[in-house]
Amino acid sequence: MNTAAAQHQSVKPLTGWRVLVPRGGPWGDGVAATLRRQGAIPVIAPLINFAPTNDQASLDQALADLAAGKFEWLTVTSATTVDVLYAYRAVVPATTKVAAVGETTAAALLAVGYRVDLVPERDNSAAGMAEQLIALEPEARDILTLRSEIAKPVLTRMLTEAGHRVRSVVAYRTVGVPVTERIAEDVRSGRINAILVTSGSVAQQVHEQFPEIPDTTLIAAIGPRTAKDARRAGLDVDVVADAQTVDALIDAVGKFSLPHAADEFAPKTGMIPRLGGIDTRN
């Protein structure tokens, strides 16, 4: 094998790409590490954070009851809920099983030391989680559902209608986190080659904080539901991961070709395939 061929094979799919990671903490660090392994330059810019619930007493009591083993299941429907559990050093006893809405949430739980007993096999949504739990547990169970202030009560309603004893508690409020001017300029100038959109809340912040996203910047959504939320927020979604996992999202970005200068601060040139065809812009 000649040297040129060997060098070509060693190039990673995202070599030189600058990819905005919209969450920090252990989850963001894990995504950044995966991106680096693919050759990308991760730019961690947390766009959302959680604010305390307006009903702190209910959350405190729920977490105390959780630690005491009063629930047979805990359902976790977002990585932000994991942040809350970690921030409160919540104890999940061995007698309580943990259900995560999807692989991203499951990864967030594992990253901070919690276990995961159930991830929906097909539909990574509150409804999908409820359906699988109902099928798995025909007898009434005590279930704690932790949710955001703006979440629709789909999971609680379905589980309750199936006869389970559900305590639904607001664990947090989602708030936007302003990015630095440098990151805003990097997005505006096109130095950020891709933005990962991992939830409807992230999509809303991307739309609000980056009003001038160049057409050459790839907007990548973690799944169909998030893509729908992102389009509703006003974003042009370029690629949707075929599974609701970070690995699938990064793999989807890696299928796009973006020729550009090796110098990360040099002007970008090249072609980005867009949904529905190829759009060439400099």
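Residues numbered from 1 in each chain as written. Predicted model: local features only at pLDDT ≥ 70, side-chain atom pairs only at ≥ 80, totals over all residues. Heavy atoms only, no water.

**Considerations on the sheet that holds strand β4 (residues 73-76)**
To keep it simple, the criterion reads: Only strands that DSSP links by at least two bridges are regarded as paired with each other. Per the convention used, a helix needs a DSSP run of H or I reaching at least four residues, while a strand needs a run of E reaching at least two, with both numbered from the N terminus. Angles run from 0 to 180 degrees between N-to-C directions of axes, and those axes are lines fitted to C-alpha atoms, restricted for helices to the stretch in contact. By definition in these notes, contact holds between two residues if any of their heavy atoms fall within 4.5 Å.
Strand order in the open sheet made by the five strands is β3-β7-β6-β4-β5, with mixed pairing throughout. The strands lining the two open edges of the sheet, one partner per strand, are β3 (48-51) and β5 (97-100). In this sheet, adjacent strand axes meet at a mean angle of 30° when their direction is disregarded. In this structure, strand β6 (residues 142-148) lies alongside strand β7 (residues 165-176), joined through seven bridges in parallel fashion. For Ser148, the partnering residue across the bridge sits in β7 and is Tyr172. Helix α3 (residues 56-67) rests against β4, β6 and β7 of the sheet, and its axis sits at about 125° to β7.

**Focus: the packing of helix α2 (residues 25-37) against helix α11 (residues 246-254)**
Condition: Convention used here: angles under 35 degrees read as roughly parallel, angles over 145 as roughly antiparallel, angles from 65 to 115 as roughly perpendicular, and any remaining angle as oblique. Should the near helix be turned counterclockwise from the far one by less than a right angle, the crossing is left-handed, whereas a clockwise turn marks it as right-handed. When residues are sorted by character, Ala, Val, Leu, Ile, Met, Phe, Trp, Tyr, Cys and Pro go into the nonpolar class, Asp, Glu, Lys and Arg into the charged class, and all the rest, Gly among them, into the polar class.
The N-to-C vectors of α2 and α11 enclose an angle of 40°; their axes lie 11 Å apart at closest approach. In terms of their interaxial angle, α2 and α11 are classed as oblique. Of the two elements, α2 crosses α11, and the hand of that crossing is right-handed. Across from Trp27, Val31, Thr34 and Leu35 in α2, the residues of α11 making contact are Val246, Asp247 and Ile250. Taken together, the residues that form the contact of α2 with α11 break down as five nonpolar, one polar and one charged.

**Structural notes on the packing of aromatic side chains**
Cut-off, in case you're wondering: We call Phe, Tyr and Trp rings a pair once their centres come within 6.5 Å, taking the six-membered ring for Trp, and we label the pair stacked below 30 degrees between planes, edge-to-face above 60, and tilted otherwise. In this scheme, the term charge over a ring applies when either NZ of a lysine or CZ of an arginine sits within 6 Å of the ring centre and within 35 degrees of the ring normal.
Under the criterion given, the structure shown has zero aromatic pairs. Geometry around Trp27 places Arg23 over its ring, the cationic atom sitting 5.8 Å from the centre.

**A short note on the side chain of Ser148**
This is how it is decided: Side-chain atoms alone can form a polar contact between residues adjacent in sequence; in general such a contact is a pair of N or O atoms within 3.5 Å, and within protein one must be able to donate a hydrogen while the other accepts it.
Along the chain, Ser148 turns up in strand β6. Reaching out from Ser148, the side chain makes a polar contact with the backbone nitrogen of Ala151 at a distance of 3.2 Å. With residues up to four places along the chain from it excluded, the contact list for Ser148 reads Val170, Tyr172 and Thr174.

**Quick look at the pairing of strand β2 (residues 41-44)**
Filter applied, for reference: Orient the strands so they point away from the viewer; a crossover is then right-handed if the path from the first strand over the helix to the second runs clockwise.
Bridge count for strand β1 (residues 18-21) against β2 is four bridges, and the pairing is parallel. Bridged to Val21 within β2 is Ile44. Tracing the backbone out of β1, into α2 and back to the parallel element β2 gives a crossover that is right-handed.

**Some thoughts on helix α4 (residues 79-87)**
The test is simple: Three labels apply to residues, based on accessible area from a 1.4 Å probe with only protein chains included: buried if under 20% of the type maximum, exposed if over 50%, partly exposed otherwise in between.
Every buried residue belonging to α4 is among Ala79, Thr80, Thr81, Val82, Val84 and Leu85, and all of these are buried. Residues of α4 that are buried make contact with β3, α3, β4, α5 (103-111), β6 and β7. Two residues or fewer past α4, Arg89 is found with a positive phi of approximately 50°.

**Describing the sheet that holds strand β10 (residues 239-240)**
Ordered in space as β2-β1-β8-β9-β10, the five strands form an open sheet in which the pairing is parallel. The open sheet terminates on both sides in strands that have one partner only, identified here as β2 and β10. One ladder, built from two bridges, connects β1 with strand β8 (residues 194-197); its direction is parallel. Along β8, the bridge assignment pairs Val19 with Ala194. In the packing of α2 onto the sheet, the strands contacted are β1, β2 and β8, and the crossing angle to β2 comes to about 165°.

**Comments concerning the pattern of salt bridges**
Cut-off, in case you're wondering: Every case where a carboxyl oxygen of Asp or Glu lies within 4 Å of a side-chain nitrogen of Lys or Arg is listed as a salt bridge.
Tallied over the entire structure, the rule returns 13 salt bridges. A salt bridge links Asp186 to Arg191; its shortest N-O distance comes to 3.6 Å. Overall, Asp186 belongs to the buried group, its relative accessible area being 3%. Here Asp229 makes a salt bridge to Arg232, at a shortest N to O gap of 3.7 Å. Of this pair, Asp229 and Arg232 both sit in helix α10 (residues 224-233), separated by three residues, roughly a single helical turn. Classification of Asp229 by relative accessible area gives partly exposed; the value is 28%.

So far we have only geometry, and geometry alone does not tell us how the molecule works.
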